[in-house]
Amino acid sequence: MKDKILFWIDGSLYNFFLSKYIHENHDCEIYGIFDVTSKPKKFFETQTLTNFSKIWFFHDHIKKSVVEHDIQYLKNFETKYNINLNLETINERSFNKFNKFYRFTKNEILSILEQECKLFESILDQVDPKFLVMHLPFFQHDNILYQLCKSRGIKCLLLRTSRISPLKCMILEHDETSNELKFPVSKNNNSDSVISLKEKLQKMKEKLQKLKKYDTVKKSNDFKTQQNTNKISALCKFLLSNDNIETHFTYYGRTKFRVLLKTFQMILKAKWRKSFLDKNSIYHLDDKQKFVYFPLHQEEEHATLIGAPFYTNQLEIIKIIAQSLPIDYSLYVKESPVSGARDWREISDYKKIISLPNVKLVHPSVNPHEIYENCSLVITISGTSALESLFYGKPSIIFSKTSFSGLSSVQKLDKFDNLPNIIKQSFDKKIDFAELLDYYNFVEKMSFDFNLQKIWDDVGISFSNNGLFIDNEISTEKINQFIKLHESEYVVLANEYIKKIKQL
């Protein structure tokens, strides 16, 4: 019997290309749910590149005119599939403070939820897929589909960048928040292995430093590509076409006037915010100061909204950490280098951080590896810094479950009341380097070479004005050009998926 595979395909398009190569190299039936805007939809309605057995356009099934909702259905859905719908909606960027253009009513949110849940149930009933292929969920609707498939026993294949390298990827059956990696632990403890251990550790540390330098430069370059000229170019395209305001709930309220006004407001605000950040951050570490390091997450990202949904208020977390430190310690808070892509934070947020007497704001340009060398402890919500610090002999505390939170040198926080004691205990923790290298080797074995960020960047360049405007016409010619450019990479990716499918 052929495997039935359901693909979730959004504006990043990479799963559309992936579906072509999996279908060509594996005996399967493929189905697609497309979360795209109006103009790309025209291409997907008629394309013959990939032979889907059936497709659905997600936003066709979410009607603005439907404001009634069946609360009993939603309650039964929650109970049946063990999905907390309030948790999904309150953190949804379209429904909360991050939406600058529209305020959804409770009835509108519940109506959208009901339509989504019924659509997904209907699709799964019709297809009965064995596999769901999607990226890590970004929004409430794709996360609900993911949670629903998990509950129904459908194998979910999620692609994510490896924790040990931005140039490698892993295909996971679960989001990290639900599963820590289980890996074999070596038993060799003789003196020769201790010397070898130190050598291996140093090599991996150097590798991490090189990759981090690459990643930092990459993020910096990505931000440069989103300078004001690109924003204005994308704005002009939007003003000439505004087809989604009534059909896509993520576009509600985006009138041409509001978008025009907000764009120029944010260009100015971004300059003021960056200027304040430059003037009020530290660029050099104090050699005599004992400190704990807390890296800020970019706002509006998976790592907090979905990965750590109860820890989204980073300002409050900073205050709690600062209150929990011993009197002779300071807290160094570093802004994320990618926050510029979202116009940085409010100046009032930066003022709240630096108003705390034992807190210093670190400039995003400071090399994190310099911080690891000098800090006593790393505390993060769900960031990879909690793993990287271990290679420098510095323990870490993390707030959400990740693939590495099961390591003995990482302490997962259960409640803030325990934080002062956990911090004191963590200062005395010795890093189990053998365990750390076992984890590293295991992840490296599970990973494969695939630069996901480059694919996303190239999709942005080819189809969506560097990711700033996604409602563009797609031509077969452009699609074929992209395929020709990235065929070798997609062959590798498809082979990894097929290998995983055959294992399951």
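Residues numbered from 1 in each chain as written. Predicted model: local features only at pLDDT ≥ 70, side-chain atom pairs only at ≥ 80, totals over all residues. Heavy atoms only, no water.

Some points on the pattern of salt bridges
- With the rule as written, the count across this model stands at 19 salt bridges.
- In this structure, glutamate 24 engages lysine 20 in a salt bridge whose closest nitrogen and oxygen atoms are separated by 2.6 Å. Here glutamate 24 pairs with lysine 20, and both are found in helix α1 (residues 14-25), just four residues apart, close to one helical turn.
- For lysine 64, the salt bridge is made with glutamate 246, and the minimal N-O distance between the two is 3.6 Å. Of the two residues, lysine 64 sits in the loop between β3 (54-57) and α3 (71-81) while glutamate 246 sits in the loop between α8 (228-240) and α9 (256-280), which places them 182 residues apart along the sequence.
- Since its relative accessible area comes to 32%, lysine 64 is described here as partly exposed. (Salt bridge = Lys/Arg side-chain N within 4 Å of Asp/Glu carboxyl O. Helix = DSSP H or I, 4+ residues; strand = E, 2+ residues; numbered from the N terminus. Buried < 20%, exposed > 50% of the residue type's maximum accessible area, 1.4 Å probe, protein only.)

Quick word on the environment of isoleucine 164
- Its location among the elements puts isoleucine 164 in the loop between β5 (155-161) and β6 (168-172).
- With a relative accessible area of 4%, isoleucine 164 lands in the buried category.
- For the pair formed by isoleucine 164 and methionine 266, sequence separation is 102 residues and the distance between their alpha carbons is 34 Å.
- Excluding residues within four positions of it along the chain, isoleucine 164 makes contact with Leu208, Leu211, Tyr440, Val443 and Glu444. (Contact = heavy atoms within 4.5 Å.)

Description of the packing of aromatic side chains
- A full pass over the atoms with the stated rule returns 36 aromatic pairs.
- Taken together, a centroid distance of 4.8 Å and an interplanar angle of 75 degrees make the contact between tyrosine 102 and phenylalanine 104 edge-to-face. In terms of burial, tyrosine 102 and phenylalanine 104 fall into one category: buried.
- For the ring pair phenylalanine 399 and phenylalanine 416, a centre distance of 5.6 Å and an interplane angle of 85 degrees mean the geometry is edge-to-face. With phenylalanine 399 in the loop between β11 (396-398) and β12 (410-412) and phenylalanine 416 in the loop between β12 and α15 (419-427), this pair connects stretches of sequence that are 17 residues apart. (Phe/Tyr/Trp six-rings, centres within 6.5 Å; stacked < 30°, edge-to-face > 60°.)

Here's the deal with a negative patch on the surface
- A cluster of acidic residues, Asp286, Asp287, Glu370 and Glu373, forms a negative patch on the protein surface.
- Tracing the sequence through the fold places glutamate 370 in helix α13 (residues 368-374).
- On the basis of relative accessible area, glutamate 370 is assigned to the partly exposed category, the value being 35%. (Patch = residues over 30% accessible without salt bridge, like charges linked within 9 Å, V, L, I, M, F, W, Y side chains within 5 Å. Areas by Shrake-Rupley, 256 points an atom, 1.4 Å probe, with all protein chains shown as cover. Lys, Arg positive; Asp, Glu negative; His and termini not counted. Charge placed at Lys NZ, Arg CZ, Asp CG, Glu CD.)

Here's the deal with α9
- Its 25 residues give α9 an end-to-end C-alpha distance of 36 Å, which sits within 8% of 36 Å, the value for a rise of 1.5 Å per residue.
- The complete set of buried residues in α9 reads Val259, Thr263, Met266, Ile267, Ala270, Arg273, Phe276 and Leu277. (Expected span 1.5 Å × (residues − 1).)

Read these as geometric descriptors, not functional statements.
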